[in-house]
Amino acid sequence: MKRGFDTIAILDFGSQYTQLIARRVRESHVFSEIFPHDVKAREILKKRPKGIILSGGPASVRFSKSPRCDREIFNLGIPILGICYGMQLMSKTFGGGVEKAKRREYGYARLKVKAKNPLLSGLVGKTQVWMSHGDEVTKLPARFRIIGYTKNSPIASMEQKDKKLYGVQFHPEVVHTEDGKKIIKNFILKICGAKGNWTMTSFVREAAANIKKETGKGKVMLALSGGVDSSVLSVLLRRAVKERLTCIFVNNGLLRAGESERIVEVFKRHYHINLRCVDAEEGFLGALKDVVDPEKKRKIIGREFIRVFEKEAKRLGGIKFLAQGTLYPDLIESRSSFGGPSATIKTHHNVGGLPARMKLRLIEPFKYLFKDEVRLVGRELGLPDEIIHRQPFPGPGLAVRIIGKVTKYRLDILRKADKIVIEEIKRKDLYRDIWQSFAVLLPIKTVGVMGDERTYENVIAIRAVKSLDGMTADWVRLPQDLLAGVSSRIINEVRGVNRVVYDISSKPPSTIEWE
Ligand code: XMP
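Residue numbers restart at each chain and count upward from 1, following the sequence in its written direction. Restriction of local features to residues with pLDDT of at least 70 applies here, the model being predicted, together with a cutoff of 80 or more for giving and counting side-chain atom pairs; totals for whole chains, interfaces and linings are based on all residues. With hydrogens and water set aside, each side-chain value is computed from the structure's full complement of heavy atoms.

Q: So what's going on with the overall build of the chain? Which residues, and what values?
A: Tallying secondary structure elements over the chain gives 15 helices and 18 strands in all. By the compact-globule yardstick of 24 Å for 515 residues, the chain fits well, its C-alpha radius of gyration being 26 Å. Overall size of the chain, expressed as C-alpha extent along the three principal axes, is 85 × 60 × 40 Å. Throughout, exposure labels follow a simple rule: accessible area from a 1.4 Å probe, protein chains only, divided by the maximum for the residue type, with under 20% read as buried, over 50% as exposed, and the rest as partly exposed. In the chain, which comprises 515 residues, the proportion classed as buried is 54%. Think of it this way: any DSSP run of H or I at least four residues long counts as a helix, any run of E at least two long counts as a strand, and we number them from the N terminus. Between the two quantities, the radius of gyration covers C-alpha atoms and the globule rule is 2.2 Å times the number of residues to the power 0.38.

Q: Talk me through the sheet that holds strand β1 (residues 7-12); I want residue IDs and the actual numbers.
A: What the 9 strands build is an open sheet, ordered β2-β1-β3-β4-β9-β8-β7-β5-β6; its pairing is mixed. The sheet is open, and its two edges are formed by β2 (31-36) and β6 (126-139), each paired on a single side. Across the sheet, the mean angle from the axis of one strand to that of its neighbour is 25°, orientation sign disregarded. Alignment of strand β7 (residues 145-149) against strand β8 (residues 157-160), held across 3 bridges, turns out to be antiparallel. Residue pairing in the sheet places Gly148 in a bridge with Ser157 of β8. Across the sheet, helix α1 (residues 18-27) lies against β1, β2, β3 (51-54) and β4 (80-83), angled at about 160° from β2, the strand it touches most. Paired strands, as defined in this entry, are two strands with at least two bridges between them according to DSSP. An axis is simply a line fitted to the C-alpha atoms; with a helix, the fit covers only the stretch in contact. Between two such axes, the angle follows the N-to-C directions and lies from 0 to 180 degrees. Residues are treated as being in contact if the distance between any of their heavy atoms lies within 4.5 Å.

Q: Before we move on, can you summarise the domain arrangement of the chain with the specific residues and values?
A: Domain assignment breaks the chain into domain 1 (7-191), domain 2 (200-388) and domain 3 (401-502). Start and end positions for the domains come from either an automated domain assignment or a database one. Computed over C-alpha atoms, the centres of domain 1 and domain 2 are 38 Å apart. With 15 residues of domain 1 at the interface, the matching set in domain 2 holds 11 residues. Overall, the association of domain 1 and domain 2 removes approximately 1,100 Å² of surface from exposure, summing both partners, and the carbon and sulfur fraction of that is 55%. In terms of surface lost to domain 2, no three residues of domain 1 exceed Gln19, Arg23 and Arg26, which account for 44% of the buried area on that side. We count a salt bridge whenever a side-chain nitrogen from Lys or Arg sits within 4 Å of a carboxyl oxygen from Asp or Glu. The tally of links between domain 1 and domain 2 comes to 2 salt bridges. Any N or O atom pair separated by 3.5 Å or less is treated as a polar contact, with the protein-specific requirement of one donor-capable and one acceptor-capable atom, and with residues adjacent in sequence counted only for side-chain atom pairs. One can count 4 residue pairs in polar contact (both at pLDDT 80 or more) joining domain 1 with domain 2. Put simply, buried area is how much 1.4 Å-probe accessible surface two parts lose in total, over both of them, once they are put together.

Below, the structure is given as structure tokens:
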């Protein structure tokens, strides 16, 4: 990919903050890319980075098996900033001393700048920094000097001016470090000399040009779900390849109320995108008949999706490219050098099985972006807030929010209840503050009384969670009057429901979706 902007390479030693470093760099309008810690120096060179940041990590450089980087990286003549573990590794590499800290330091500390230097320039007095380390640099490597210290860390920051090597024991990437942004900016702009010209405008321009070049005259297909990523991608692709794009929208019968109509209105009428709406409700519901096991549901839905796409691609003929809204966190997770394969909690289906079988080439223009950056791209492309700020919706749709058998009757109950939840949350202006809010249909019936009659009907559970990335989540303390309003509306307006409960569990140990 041709790039008209500077890059900072980040080597990942397994810190929980690595992605945060990448984001901080990008906030200074410099592109950043994360690499596994053991990437070869020649691979790094191919990207022509202006600077390299070594992340923190949970290991200790005192042990020989701990993660190292290619030593050649220190000979490239590119400025390097080591953060925490990264600084300790730098120290060790150049013959300095690293020892177990007498007291593991975790939390706030006050940093004092010791000598005039470009990394900590502009910091005044004692500035608050965030520490989280078990080891510390106890002896400076030759030709390094101390540039900052705290009460417990005499070598909290160090510099080797000629080679432009810098280290910080604390974490400038976290918000608790008062001048963290300034320090990162100092490194990438002043020390590395990167140009801060990476903006969403430049991203959109370059991405469109690259897609145009890559696809030539070939036809492109995109599975449009109506979620943020595929919606933004469809508009970007429309700009890049015009009529050669066809979006496939599958009504699998598991969608929320009014979804199909909305998609046609927005994408076909407004953006003039070639849109194929495939009504596959019968096929999906038929395949799901009597299925209760959550994993089986997911696998069946994934398989049905692939079947539909294959059929559509064949029908359209000559499709060469499949576009996907893969995001950076998905990419990093799948190539992470740490953690190893994690247990399958839930099978997240996507159309990933397609290209291998059909020999389609993948186009993933967002594979280096974070979710909020995709939203900015959407804004740049003029998409309305209503689309850009939609809450996530799982691929298997309402099937994983109906516990037990999935039938048309039960789907209709859930759709009506879900619509009320969303309407009421929007009415209170809480929609954008909440990661996800929805209704779940339980597989039990309970007794109630309506008028003078005994009822024996379904239970709806309400779920609302706050989260940053869906990996962890906390249940939202929704106002009681809102809950009361939702409950009363659902019981009055949705036939077949006589009880509403609120889910007060966080993730972990619960998951966001019930299945
Ligand atoms: P869980 O339920 O695992 O969900 O806590 C975490 C986030 O992922 C979404 N989710 C899915 N998204 N396909 C998707 O595209 C799936 O199969 C799927 N399952 C869960 C869920 O809505 C939440 O945002």
